[in-house]
Amino acid sequence: MPTYRDEAVILRTHKLGEADRIVIMLSRRHGKLRAVAKGVRRTSSKFGSRLEPFMVADVQLYQGRSLDIVQQAESLGSYGSEIAAHYERYTAANAMVETADRLSDSEATSDQYLLLVGGLRALSRGDHVPRSILDSYLLRVMALSGWAPSLEDCARCAAPGPHTTFVAQLGGLICGDCAPAGSPRVAEKTLSLLRSLMRGEWDVIDAAPHADTAAASGLVAAYAQWHLERGIRSLAHVSDTPREGAR
């Protein structure tokens, strides 16, 4: 049977039988993969620890009839232990891989893979507040999937900004003529922070007051969950405590 090799980040796993696991991965070149890792739940397994959630591995697989089979796995990024040791990082990472799993059902790209790996690496190092890493990831992965929020012009009529009404269901910022009655206005400093999260301007993000990051997080969560059509269950456990989880 044909074999192939790819880099992959582990999204989730399921037990299979007494010693096997089904591993769901987002790969760099082959999109989302579902494969069986035989015997990895035995203590004698040579690569079971490399196929845990949040790990990045170079995997060799061969094509099976229904599921591919993992033959080899070499570690490329051991992020799982550092993420799992901190609750805030762990919950943010869960929301990220859940989103990646949902989006890659349709079409996964190399850019989506690299964005997820970069986010998990930043979480494991404690580079920034976990919630901000998650928010930046959500905005950017939605953009890569064709659902970039409008943060300048009106999402409905393209009227040039500035605008101060953000409606997730309509695609982002909305002008006064297009805004539904009763739509709440958003402070300019919150909208400016959303733009920084989209661009990855971490000096601005890290210096932002907690009130602004919390407001931006609410808009990001509403936007992502609306366009995914189902709630991101892990978001319910993500903390937005200021500076929590960052070194």
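First things first, this report covers the structure right here in the doc. (Residues numbered from 1 in each chain as written. Predicted model: local features only at pLDDT ≥ 70, side-chain atom pairs only at ≥ 80, totals over all residues. Heavy atoms only, no water.)

From N to C terminus, the protein chain includes seven helices and seven strands. Each helix and strand of the protein chain, placed in order from N terminus to C terminus, yields the pattern β-β-β-β-β-α-α-α-α-β-β-α-α-α. A principal-axis box enclosing the C-alpha atoms of the protein chain has dimensions of 60 × 40 × 25 Å. Within the protein chain, the fraction of its 247 residues that count as buried is 49%. Summarising the internal contacts of the protein chain: among those between residues at least 6 apart in sequence, 58% fall at separations of at least 24. As displayed, the protein chain has an accessible area near 11,800 Å², and 48% of this comes from carbon and sulfur atoms. Of the side chains in the protein chain, 29 bear a positive and 28 a negative charge, and the two mean positions are spaced by 6 Å. (Helix = DSSP H or I, 4+ residues; strand = E, 2+ residues; numbered from the N terminus. Buried < 20%, exposed > 50% of the residue type's maximum accessible area, 1.4 Å probe, protein only. Contact = heavy atoms within 4.5 Å. Areas by Shrake-Rupley, 256 points an atom, 1.4 Å probe, with all protein chains shown as cover. Lys, Arg positive; Asp, Glu negative; His and termini not counted. Charge placed at Lys NZ, Arg CZ, Asp CG, Glu CD.)

Moving on: the pairing of strand β2 (residues 20–27). Counting buried positions over the eight residues of β2 gives seven, a clear majority of the element. Where strand β1 (residues 3–16) folds back on β2, the antiparallel hairpin that results is connected by three residues, among which glycine 17 adopts a positive phi of roughly 65°. Note: β2 against strand β3 (residues 32–37), six bridges, orientation antiparallel. Residue pairing across strands places arginine 21 opposite alanine 37, the latter belonging to β3. If you look at the hairpin formed by β2 and β3, you'll find four residues sitting between the two strands, and glycine 31 has a positive phi there, around 70°. (Pairing = 2+ DSSP bridges.)

Reading around the barrel, the five strands line up as β1-β2-β3-β5-β4 and close back on themselves, with mixed pairing between neighbours. Adjacent strand axes in the sheet meet at a mean angle of 50° when their direction is disregarded. The sheet contacts of helix α2 (residues 87–103) involve β1, β2 and β3, and relative to β1 the element is tilted by about 115°. Running at roughly 60° to β1, helix α3 (residues 110–125) makes contact with β1, β2 and β4 (56–62) of the sheet. (Axes fitted to C-alpha atoms, helices over the stretch in contact; angles between N-to-C directions.)

The tally for this structure, following the rule as stated, stands at two aromatic pairs. On the numbers, 5.9 Å between centres and 80° between planes, the contact of phenylalanine 54 with tyrosine 90 is edge-to-face. Of this pair, phenylalanine 54 sits in the loop between β3 and β4 while tyrosine 90 is found in helix α2, placing the two residues 36 residues apart along the sequence. (Phe/Tyr/Trp six-rings, centres within 6.5 Å; stacked < 30°, edge-to-face > 60°.)

If you walk through the whole model with that rule in mind, you get zero disulfides. In this structure cysteine 154 is a free cysteine whose sulfur lies 3.7 Å from that of cysteine 157, the closest cysteine sulfur available. Take cysteine 154: its relative accessible area is 4%, and that puts it in the buried class. Its sulfur unpaired, cysteine 178 is 3.5 Å from the next cysteine sulfur, which belongs to cysteine 175. (Disulfide = S-S within 2.5 Å.)

Right, let's talk about the pattern of salt bridges for a bit. Following the criterion strictly, the structure yields 15 salt bridges and no others. Notably, a salt bridge pairs arginine 5 with aspartate 58, separated by 3.1 Å at the nearest N-O pair. Of the two residues, arginine 5 is situated in strand β1 and aspartate 58 in strand β4; the sequence distance between them amounts to 53 residues. For arginine 5, a relative accessible area of 33% puts it in the partly exposed group. A salt bridge links arginine 21 to glutamate 52; the nearest nitrogen and oxygen atoms lie 3.4 Å apart. Of the two residues, arginine 21 is situated in strand β2 and glutamate 52 in the loop between β3 and β4; the sequence distance between them amounts to 31 residues. Within the structure, one salt-bridge network assembled from shared partners comprises Glu152, Glu188, Arg195, Arg199 and Glu201. (Salt bridge = Lys/Arg side-chain N within 4 Å of Asp/Glu carboxyl O.)

What follows deals with unusual backbone geometry. Proline 162 follows glycine 161 through a cis peptide bond whose omega is 10°. By the element assignment, proline 162 lies in the loop between α4 (130–144) and β6 (165–167). Backbone geometry at phenylalanine 54 places phi at a positive 80°, although glycine is not the residue there. Residues other than glycine seldom take positive phi values, yet alanine 158 does so here, at roughly 65°. With respect to the helices and strands, the residue alanine 158 is situated in the loop between α4 and β6.

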